[in-house]
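Below, each chain spelled out in residue letters.
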Amino acid sequence: MAGGGVVSGPSGKHYEGHVTLFVALACIVAASGGLIFGYDIGISGGVTSMKSFQRKFFPRLLNAHDRNTYCRFDDQVVQIFTSSLYLAGLISTFFAMWTTSHWGRRPSMLIGGIAFLVGSVLNAAAVNLAMLVIGRIALGVGVGFGNQAVPLYLSEMAPAKLRGALNIMFQLATTIGILAANLINYGTEKVDWGWRLSLGLAAVPAGILTLGGMFLPETPNSLIERSRHDEGKHMLEKIRGTPNIGPEFDDIVEASNAAKAIQNPLGNLFKRQYRPQLTIAILVPFFQQVTGINAIMFYAPVLFQTIGFGSDASLYSAVITGAVNVVATLVSIGTVDRWGRKILFYEGGIQMFVCQIAIAVILKFKLPLAIGSELSKGWAAVVVVLICVYVAAFAWSWGPLGWLVPSEVFPLEIRSAAQSITVGTNFLFTFVIGQAFLTMLCHFRWGIFLFFGGWVFIMTLFVFFFLPETKNVPIEEMVYVWKAHWFWKRFIGDEVYSSYPTDVEKHNNAKL
Ligand code: BGC
């Protein structure tokens, strides 16, 4: 990573800062936060498809031969095992919102790390279903605290010019976590107690996050937010590697005063002037989930077994989709700031839609309903390829952008509350998909792919009509973008508009 540099804000101010040891450590924390999130996403589908695991916790699955092909895995308890994590995550994110601002980013990361450790130990040692589900809930608390505090920690530690890149790094680490889980499942499937190893290995990144929470420095923003100005200033000098931090320090103080002046941040978000941001905070994560991606990420091995693959081949195919997910995320890192967000959304949307329709048609005509029937080898291979092409499209569009775009449009005074709404909505619909997918597959059969395809169609239209391009737009200048937008301009009254320009005017004047 390149070091050093000066960054100009929209107001023409200069922020100095180098890539110091602290920034590098922040990257490691980001990586461990993303890895755990991804590991939990990828691990459950693989273990639920293992015979030794089914025998111990879900013996009904082994005797499900009286059901039709699509219903083999339709089991509420299997789905609770997968999805309970996200319900716990959803609830704890709102607790994390409080601890992160009152106690600091570090304590939240520490709580997250410890909850993860407890969850992975309970899961690895599980002797009954209750232990398994309680372990998943503890992991959920970890995800709730981790996903709230880690991205915030990162954006505050990173010098301004690295902020966007680090945001996508979190997503990249997530995809690597999913792939690692798929690979580990593939390796452990051959051992009778292999599922214990699969579930227990989550303790490795959890340990790193816990150590981070214990030993990393607190962010200057958090110190200042809690009125510890001197410590905050000292810390800013240390992490930026220079004593010339005046403008950045002043901005943090100003921002924190503005944030303190708001009595009820969540309520504030419902004011008419924030309607565009509120819509995006809710719809973008909702749309991201109804692409159907987690049907694949959670249940790929189970899905592959449904269409007739053996246990081993199913886990192997999940490894392939996991690898495609990682590589395609790199594509988005390389193009998002050059081509812009909307091009990636359009291209990804069309590609996902086409694949989903094609998969539905193949399953309708080529997968017989009768018990024990399967796709022919050739058609099964075509379905795997189509799923890979679909995953690639997601990974360079809605995957990273589903997190990046919301984070770019929230002005400071609603940022933390709006971010919690985004994380909460994401977890809510991750939970819903995790809980409902296998049942939907049983009832909708091949139509499940048309269902998700329909949503992809709608969200692509939404991007076309309602989502402004945010490439190269500083957050403070977003108000001009809304004001110029054919639909959103009606919500931006002149009083809102005129309260903004001070800094931007300075910027424009500076440019003249
Ligand atoms: C989504 C997850 C998904 C992952 C797949 C993330 O952006 O929020 O739900 O499993 O991408 O890579």
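Residues numbered from 1 in each chain as written. Predicted model: local features only at pLDDT ≥ 70, side-chain atom pairs only at ≥ 80, totals over all residues. Heavy atoms only, no water.

Draft legend 1. Representation of the site of the ligand in the model. For the ligand, the set of nearby residues contains 13 residues, the closest of which are Gln-171, Gln-288, Gln-289, Asn-294 and Asn-325. A distance of 2.9 Å is found between an oxygen atom of the ligand and a side-chain nitrogen or oxygen belonging to Gln-171. Protein chains shield 100% of the accessible area of the ligand, which is 310 Å² for the free molecule. Broken down by secondary-structure element, the contributors of at least two residues to the shell around the ligand are helix H7 (163-188), helix H14 (275-290), helix H15 (293-306) and helix H19 (398-409). Of all the elements, H7 adds the most residues to the shell around the ligand, at three residues. Looking at side-chain class alone, the shell around the ligand contains five nonpolar, eight polar and no charged residues. (Near = heavy atom within 4 Å. Polar contact = N/O pair within 3.5 Å; in protein donor to acceptor, adjacent residues only side chain to side chain. Areas by Shrake-Rupley, 256 points an atom, 1.4 Å probe, with all protein chains shown as cover. Helix = DSSP H or I, 4+ residues; strand = E, 2+ residues; numbered from the N terminus. Nonpolar A, V, L, I, M, F, W, Y, C, P; charged D, E, K, R; others polar.)

Draft legend 2. Structural view of empty space enclosed by the protein. Across all of its chains, the model carries six cavities of 30 Å³ or more by this definition. One number sums up the size of the largest cavity: a volume of about 190 Å³. Only helix H1 (21-48), H7, H14, H15, H19 and helix H20 (412-444) provide two or more residues apiece to the lining of the largest cavity. Per-element accounting of the lining of the largest cavity gives the leading share, four residues, to H7. (1 Å grid on protein atoms, 1.4 Å probe; cavity = no way out; pocket = protein on both sides within 12 Å on 5 of 7 lines; lining within 4 Å. Points joined across faces, edges and corners; volume = space filled by probe spheres on them.)

Draft legend 3. Helix H21 (residues 447-466), seen in detail. Between its first and last C-alpha, H21 extends 28 Å over 20 residues, near the 28 Å set by a 1.5 Å rise per residue. Taken together, the buried positions of H21 are Gly-447, Ile-448, Phe-449, Phe-452, Gly-453, Val-456, Met-459, Thr-460, Phe-462 and Val-463. (Expected span 1.5 Å × (residues − 1). Buried < 20%, exposed > 50% of the residue type's maximum accessible area, 1.4 Å probe, protein only.)

Draft legend 4. Spatial organisation of the side chain of Asp-74. Note on placement: Asp-74 falls in the loop between helix H3 (59-62) and helix H4 (76-102). Residue classification places Asp-74 among the buried residues on the basis of a relative accessible area of 18%.

Draft legend 5. How the structure looks around the packing of aromatic side chains. Scanning the model with the defined rule gives 35 aromatic pairs in all. Aromatic side chains Phe-53 and Phe-58 sit 5.8 Å apart centroid to centroid with 55° between the ring planes, which places their arrangement in the tilted category. The exposure class assigned to Phe-53 is buried, which follows from its relative accessible area of 0%. Of the residues examined, Phe-58 reaches a relative accessible area of 0% and is grouped as buried. (Phe/Tyr/Trp six-rings, centres within 6.5 Å; stacked < 30°, edge-to-face > 60°.)

Draft legend 6. View of the state of the cysteines. Scanning all chains against the criterion turns up one disulfide. Here Cys-71 is linked by a disulfide to Cys-442, with a sulfur-sulfur distance of 2.0 Å. Taking the sign of the S-S torsion, 85° for the link of Cys-71 and Cys-442, the bridge is right-handed. Of the two residues, Cys-71 is situated in the loop between H3 and H4 and Cys-442 in helix H20; the sequence distance between them amounts to 371 residues. Residue Cys-355 stays outside any disulfide, its sulfur separated by 9.7 Å from that of Cys-388, the closest cysteine. (Disulfide = S-S within 2.5 Å.)

Draft legend 7. The pattern of salt bridges, seen in detail. Counted by the stated rule, this structure contains nine salt bridges. Where Arg-105 meets Glu-156, a salt bridge forms, and the shortest distance between an N and an O atom there is 2.8 Å. Highlighted residues: Arg-105 in helix H5 (residues 105-124) and Glu-156 in helix H6 (residues 129-157), separated in sequence by 51 residues. Of the residues examined, Arg-105 reaches a relative accessible area of 5% and is grouped as buried. (Salt bridge = Lys/Arg side-chain N within 4 Å of Asp/Glu carboxyl O.)

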